[in-house]
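So you can see what is in the structure, the chains are spelled out below.
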Amino acid sequence: MSPSKPRRFRRLLLTGAAGALGTVLRDHLPALADVLRVSDRAPLGEARDREEVVPCDLGDAAGMLDLTRDVDAVVHMGGVSGENRFADLHHANILGMYHLFEGCRKNGVARVVWASSNHAIGFYPRTRTIDATVPQRPDTAYGLTKAFGEDLAQYYQDKYGIEAVSLRIGSCFPKPVDRRMLATWLSYPDLVHLVERSLLAPAVGHTVVFGVSANQESFWDNRAASALGFRPGDNAEDYRAEIEASTPLVGPDDPLVRYQGGQFTAMPHADDEPD
Ligand code: NAI
Ligand code: 15L
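Residues numbered from 1 in each chain as written. Chains lettered and ligands numbered in written order. Predicted model: local features only at pLDDT ≥ 70, side-chain atom pairs only at ≥ 80, totals over all residues. Heavy atoms only, no water.

1. Some details on the pairing of strand S1 (residues 9-15)
- Summarising burial for S1: 6 of the 7 residues are buried, a large majority.
- One crossover worth recording links S1 to the parallel strand S2 (residues 33-38) by way of helix H1 (residues 20-28), and it is right-handed.
- Bridge count for S1 against strand S4 (residues 73-76) is 4 bridges, and the pairing is parallel. Each residue of the ladder has a partner; that of Leu13, found in S4, is Val74. (Buried < 20%, exposed > 50% of the residue type's maximum accessible area, 1.4 Å probe, protein only. Helix = DSSP H or I, 4+ residues; strand = E, 2+ residues; numbered from the N terminus. Right-handed = clockwise from strand over helix to strand, strands pointing away. Pairing = 2+ DSSP bridges.)

2. Topic: the site of ligand 2
- Taken together, the residues surrounding ligand 2 are Ser81, Ser117, Asn118, His119, Tyr142, Gly170, Ser171, Phe173, Arg180 and Phe264.
- Here an oxygen atom of ligand 2 sits 3.0 Å away from a polar atom, N or O, in the side chain of Asn118.
- Its free accessible area being 320 Å², ligand 2 has 78% of it covered by the protein chains.
- Under a 2 Å grid-point criterion requiring more than half of the atoms, the pocket assigned to ligand 2 is the largest pocket. (Near = heavy atom within 4 Å. Polar contact = N/O pair within 3.5 Å; in protein donor to acceptor, adjacent residues only side chain to side chain. Areas by Shrake-Rupley, 256 points an atom, 1.4 Å probe, with all protein chains shown as cover. 1 Å grid on protein atoms, 1.4 Å probe; cavity = no way out; pocket = protein on both sides within 12 Å on 5 of 7 lines; lining within 4 Å. Sits in = over half its atoms within 2 Å of the grid points.)

3. Description of the layout of surface pockets
- When its volume is computed, the largest pocket comes out at roughly 860 Å³.
- Contributing elements (two or more residues each) for the lining of the largest pocket: H1, helix H2 (61-67), strand S5 (111-117), helix H4 (141-160) and strand S7 (171-172).
- By residue class, the composition of the lining of the largest pocket is 18 nonpolar, 16 polar and 6 charged.
- For the second largest pocket, the lining is made up of 14 residues, of which Ala132, Thr133, Arg168, His206 and Val208 are closest to its centre.
- Looking at the lining of the second largest pocket, the elements with two or more residues in it are H4, strand S9 (206-211) and helix H7 (223-227).
- For the lining of the second largest pocket, the element with the most residues is H4, which contributes 3 residues. (Points joined across faces, edges and corners; volume = space filled by probe spheres on them. Nonpolar A, V, L, I, M, F, W, Y, C, P; charged D, E, K, R; others polar.)

4. Regarding the sheet that holds S5
- Pairing within the open sheet is parallel, and its 7 strands lie in the order S3-S2-S1-S4-S5-S6-S9. Here the strands that pair on one side only, and so sit at the sheet edges, are strand S3 (51-53) and S9. Averaged over all neighbouring strand pairs, the angle between strand axes comes to 20°, with direction disregarded.
- Pairing geometry for S1 and S2, over 5 bridges, is parallel. By the bridge assignment for S2, Leu13 is matched with Arg37.
- On top of the sheet, H1 reaches S1, S2, S3, S4 and strand S6 (163-169); it is set at about 160° to S1, its chief contact. (Axes fitted to C-alpha atoms, helices over the stretch in contact; angles between N-to-C directions. Contact = heavy atoms within 4.5 Å.)

5. Considering the packing of H1 against helix H6 (residues 188-200)
- At a closest axis distance of 10 Å, the pairing of H1 and H6 adopts a crossing angle of 65°. Here H6 runs roughly perpendicular to H1, going by the angle between their axes. The crossing of H1 and H6 is right-handed. Two secondary-structure elements touch here, H1 through Ala20, Leu21, Val24, Leu25 and His28 and H6 through Tyr188, Leu191, Val192 and Val195.
- Within the contact of H1 with H6, the residues separate by chemical class into 8 nonpolar, 1 polar and no charged. (Parallel < 35°, antiparallel > 145°, perpendicular 65-115°, else oblique. Left-handed = near helix turned anticlockwise from the far one by under 90°.)

If you want it as structure tokens, here you go:
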């Protein structure tokens, strides 16, 4: 984000600001807002210049109502970020999304950009190219909570006019580290660009997009993100030789290569007692 651009928002809220992606966005979102309000239940350190630090648990309805007050838009990265016990997923990803959107409704927040996940559609085979309009096929209880979040965002758009962009993020890491990520990787610079476009694009209604770089290998048709002005600059292909040299080739029935959600499709149910 260029610091020379005029700042578009008076106050932006960033949740999950202590997490991996929140930490990246915390460095860049100040270019867009006079004040960045950062929140998490984990420690966030001292407030930086033009920042407000407001700790909050997503499961705290009253806290979330306060957190969303006097905010123009939200970048919601907070939540349980992988397969987990349903009680924990329910607390952060289901109740948390509900509290967030209720806060936005009651406080008149115009737009929410939030981290859904490819695991909302993880059971599509890799042989099929899908766009963001296909029915959800969650691959885990985690993916199920992301599918719920997308439906919740649609509901609040249809009924209350809150705009939202649901980012079905692939694999957002400094670089791809396995063969699946040659297709699913989202670089940090492309994440920042996608969030910026999702905040600034006009009239998004509720838009679902894939959070993925311009990877040569791909099973996602991301025209919906292009329509927001997203022009990714990175390509996982640059890492192919390194990854193929360092990771084993697996057979065609291995979940890693059979389904878009990879190994998540084969994860045990987190609430089962271990044998
Ligand atoms: P992370 O686990 O590093 O960060 C999540 C943050 O949410 C943490 O700082 C955590 O303290 C906070 N959090 C969890 N439960 C909370 C609660 N009850 N109240 C308040 N804060 C709570 O995850 P990461 O990688 O930064 O991901 C951010 C978002 O993006 C998550 O929602 C994740 O599901 C989603 N995502 C990430 C992908 C990736 O490749 N990193 C891929 C797809 C989706
Ligand atoms: C996700 O949703 C997770 O948050 C992240 O840690 C990765 O596992 C990613 O999906 C992925 O599919 O690679």
